[in-house]
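Listed below, chain by chain, are the residues.
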Amino acid sequence: MKKLISLVRNVHSRQCESKLNWSAQVRFLQQDTVSKPKPKKYKYPSFYDPYGPRPQPSSKIVELAERIAALSPEERKQIGPALNEHLRLPKQQMISSQGMSVGAKQEAGGAKVEEKKEKTSFDVKLEKFDTAAKIKVIKEVRAFTSLGLKEAKELVEKVPVVIKQGLTKEEANGIIEKIKAVGGVAVME
């Protein structure tokens, strides 16, 4: 019986030792892979210039800057065009903004010309909505805009707001009908 007990103890102790060694190896390897090196901390100067330090301006440049600063505002306005002419730079031309809305006030003559033309692009503006149907209105706004949930919610909460621009009359009417169906009020502009 003693021999049997000693045999069982030997076998059991060998199995425990192998498990113990194996787990120690695994822990050792895990510690190596888990430990991350600390990120390097760089000291940036209080003023960061990506192009490096600039050399001091020459005395001619400093003198010229002082002379320009001493000029009257009307004379300073003439410096740019005179330099462009002297250096033979190409003339700057105005870019046509016809058909684009830049938010500037229109002249009275321009407004009359636009009234005669038939309007081809329309904007849909959400005027108000039923608070009980807020979620449905948000879902509908997401359906015809490419906004996420958060952006659509913020847009709906800013009522009255333009929710879609540059639509044809049929598209605008379709969107207005969909918004009315879920409990909102939208108009075409």
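- As named in an unreviewed UniProt entry, the protein chain is Large ribosomal subunit protein bL12 C-terminal domain-containing protein, taken from Brassica campestris.
- Its UniProt record gives the protein chain a comment under Sequence similarities (unreviewed entry), which states: "Belongs to the bacterial ribosomal protein bL12 family."

## Concerning the overall build of the protein chain
Part 1 of the argument: A tally of helices and strands in the protein chain yields seven helices and three strands.
Part 2 of the argument: Reading the helices (α) and strands (β) of the protein chain from amino to carboxyl end gives α-α-α-α-β-α-α-β-α-β.
Part 3 of the argument: A total of 189 residues make up the protein chain; the buried ones form 13% of that total.
Part 4 of the argument: When the accessible area of the protein chain is evaluated, it comes to approximately 17,600 Å², of which 56% is carbon and sulfur surface.

## Quick word on the environment of G166
Part 1 of the argument: Looking at the element boundaries, G166 is found in strand β2 (residues 161-167).
Part 2 of the argument: Sequence separation of G166 and F122 is 44 residues, and the distance between their C-alpha atoms is 5.3 Å.
Part 3 of the argument: Those residues in contact with G166, other than ones at most four positions away along the chain, are S121, F122 and D123.

## A look at the sheet that holds strand β1 (residues 122-129)
Part 1 of the argument: Read across the open sheet, the three strands follow the order β2-β1-β3; overall the sheet is antiparallel. Only two strands of the sheet have a single partner each, and these edge strands are β2 and β3 (184-188). Going from strand to strand, the sheet's axes swing by 25° on average, the running direction of each strand aside.
Part 2 of the argument: As defined by bridge partners, β1 adjoins β3 across five bridges and the pair is classed as antiparallel. Across the sheet, residue F129 finds its bridge partner in β3, namely G184.
Part 3 of the argument: Helix α7 (residues 169-182) contacts β1, β2 and β3 of the sheet and is inclined by roughly 165° relative to β3.

About the thresholds
- Residues numbered from 1 in each chain as written.
- Predicted model: local features only at pLDDT ≥ 70, side-chain atom pairs only at ≥ 80, totals over all residues.
- Heavy atoms only, no water.
- UniProt positions renumbered as here; feature names shortened; annotations may be inferred.
- Helix = DSSP H or I, 4+ residues; strand = E, 2+ residues; numbered from the N terminus.
- Buried < 20%, exposed > 50% of the residue type's maximum accessible area, 1.4 Å probe, protein only.
- Areas by Shrake-Rupley, 256 points an atom, 1.4 Å probe, with all protein chains shown as cover.
- Contact = heavy atoms within 4.5 Å.
- Pairing = 2+ DSSP bridges.
- Axes fitted to C-alpha atoms, helices over the stretch in contact; angles between N-to-C directions.

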